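Architecture and fold: a report
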Amino acid sequence: MSNRDRDETAAQSEVDATAQRATVATQAATAGADIAQNAFRTDLDIEYKDGKTDVVTQSDRDAQDAVIDVIQDSFPDDPIVGEENDALKAVPEEGPAWIIDPIDGTNNYVNEIRAFGTAVAAVVDGEPVAATNVFPALSDTYQFGPDGVFRNGEALSVSDRTDAEASTVCPTYWWNFDQRDEYTAAARALVTRFGDIRRFGCAQLELAMVAAGALEGVVTNRRANAWDTVAGVGMIREAGGVVTDLEGEHWRHDSDGLVASNGESEIHEEVLAAARAIEGGAN
């Protein structure tokens, strides 16, 4: 076999492996979302973790168990990073791994708001290669893999807006009560630069909406958890958008800040300026 043939065989093997991970991501996210949906708007068992708005339910734990079971059936040796139970909390720097959030938007979930979902991302060397976000109460499934990014089977791309004053952005990742000066700075930075802002209380949904062209940007100056972000970040990039840190460099799961946009240079520069203004105005 020639070197060229070997390279082509290796490349095809990599594509096939990624396609398998994409399939398992969808199966796992669907399993978790089904559990969440079955308990939605019922008498939930609610506990508080770190604050008055930091909640967890038995559904979160049950959904995470279901997600892990599906992944381990196909990839028993892969590390799994997740929000609940005893899952890993740090993303391995090398090799394949999974990052899962059984219910992103738990505050919405316990308040009977439909903006919640299950997120499952496959990563290699820390970078997303496939993911699925299922929002069962919205009847929306977002997927990305080697064939592109889709919502309910239809191909997605970011919006083509270039005018910040005609664009809508989202301040994401909640600021705690001792950080409300940053929340105030975020609102000011965004409303003075963009046409409008939205906040949905579910980071994976907000990021998926940038991939779908419904929002032009998402921003936080905080270091966001990998399970809240990685799946959606992969979708944005696959859909033609850009995600950076506060310095404008390639965003990774351990970056400070998250600045996502449709990739249009004027829009991204404005979102990036807003993120930096949050930092500067939080004193």
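Residues numbered from 1 in each chain as written. Predicted model: local features only at pLDDT ≥ 70, side-chain atom pairs only at ≥ 80, totals over all residues. Heavy atoms only, no water.

Under the annotation held in an unreviewed UniProt entry, the protein chain carries the name fructose-bisphosphatase and is attributed to Natrialba hulunbeirensis JCM 10989. Of the protein chain, the UniProt comment under Sequence similarities (unreviewed entry) reads exactly: "Belongs to the inositol monophosphatase superfamily. FBPase class 4 family." Of the protein chain, the UniProt comment under Catalytic activity (unreviewed entry) reads exactly: "beta-D-fructose 1,6-bisphosphate + H2O = beta-D-fructose 6-phosphate + phosphate". (UniProt positions renumbered as here; feature names shortened; annotations may be inferred.)

1. Thoughts on the side chain of Glu216
Looking at the element boundaries, Glu216 is found in the loop between helix 5 (203-211) and strand 12 (217-220). In this structure, Glu216 is in contact with Ser159, Arg161, Ala166, Ser167, Thr168, Val169, Val210, Ala260, Ser261, Asn262 and Ile267, ignoring residues within four places of it in sequence. (Helix = DSSP H or I, 4+ residues; strand = E, 2+ residues; numbered from the N terminus. Contact = heavy atoms within 4.5 Å.)

2. Considerations on the nonpolar core
Of all hydrophobic cores here, the largest spans 37 residues; its most connected members are Ile99, Val218, Met235 and Leu258. Elements that contribute at least two residues to this core include exactly strand 4 (96-104), strand 5 (117-124), strand 6 (127-135), strand 7 (140-145), helix 5, helix 6 (226-238) and strand 14 (258-261). When residues of this core are assigned to their parent elements, the largest contribution, seven residues, is made by helix 6. Of the domains in this structure, domain 1 (3-148) and domain 2 (164-280) are the two that each give at least three residues to this core. Excluding its chain neighbours within four sequence positions, the residues that come into contact with Leu258 are Leu207, Val218, Val219, Thr220, Arg222, Thr229, Val233, Val243, Thr244 and Trp251. Ala22, Val24, Ala29 and Val70 belong to the second-largest nonpolar core, a separate cluster that totals 18 residues. (Core = buried A, V, L, I, M, F, W, Y, C linked by side-chain atoms within 4.5 Å. Buried < 20%, exposed > 50% of the residue type's maximum accessible area, 1.4 Å probe, protein only. Domains from an automatic or database assignment.)

3. Some words on the sheet that holds strand 5
Pairing between sheet strands relies on hydrogen bonds along the backbone, with the strands arranged either parallel or antiparallel. Taken together, the seven strands give an open sheet; going across it, the order is 3-4-5-6-7-8-9, and neighbouring strands pair in mixed fashion. The strands lining the two open edges of the sheet, one partner per strand, are strand 3 (80-82) and strand 9 (154-155). Packed onto the sheet, helix 2 (residues 58-74) meets strand 3, strand 4 and strand 5 and runs at close to 150 degrees relative to strand 4. Packed onto the sheet, helix 6 meets strand 3, strand 4, strand 5, strand 6, strand 7 and strand 8 (148-151) and runs at close to 105 degrees relative to strand 6. (Pairing = 2+ DSSP bridges. Axes fitted to C-alpha atoms, helices over the stretch in contact; angles between N-to-C directions.)

4. A word on the sheet that holds strand 10 (residues 168-171)
Taken in spatial order, the five strands make up an open sheet running 11-10-12-14-13, and their pairing is mixed. The strands lining the two open edges of the sheet, one partner per strand, are strand 11 (196-197) and strand 13 (242-244). Relative to strand 14, strand 12 runs antiparallel, the two being bridged by four bridges. When the bridges of strand 14 are listed, Val219 appears paired with Val259.

5. Focus on the environment of Val271
Turning to its location among the elements, Val271 is positioned in helix 7 (residues 265-281). Taking the C-alpha atoms as reference, Val271 lies 9.2 Å from Glu216; in sequence the two are 55 residues apart. Once you skip the residues sitting within four places of it in the chain, Val271 turns out to touch Val169, Phe194, Val218, Val219, Val259 and Ala260.

6. A closer look at the domain arrangement of the protein chain
Where interface size is given, it is often the accessible area lost as the parts come together that is meant. If you check the domain split of the protein chain, you get domain 1 (3-148) and domain 2 (164-280). A separation of 21 Å is found between the C-alpha centroids of domain 1 and domain 2. On the side of domain 2, 24 residues touch domain 1, which itself brings 34 residues to the contact. Carbon and sulfur atoms supply 64% of the area buried between domain 1 and domain 2, which totals about 2100 Å² over both sides. Taken together, the connections running from domain 1 to domain 2 amount to three salt bridges. Our count for the contact surface shared by domain 1 and domain 2 stands at 10 residue pairs in polar contact (both at pLDDT 80 or more). If one sorts the elements of the side of domain 1 that touches domain 2 by residue count, strand 6 sits on top with six residues. Grouping the constituent residues of the side of domain 1 that touches domain 2 by class yields 16 nonpolar, 11 polar and seven charged. (Buried area = accessible area lost by both parts, 1.4 Å probe. Salt bridge = Lys/Arg side-chain N within 4 Å of Asp/Glu carboxyl O. Polar contact = N/O pair within 3.5 Å; in protein donor to acceptor, adjacent residues only side chain to side chain. Nonpolar A, V, L, I, M, F, W, Y, C, P; charged D, E, K, R; others polar.)

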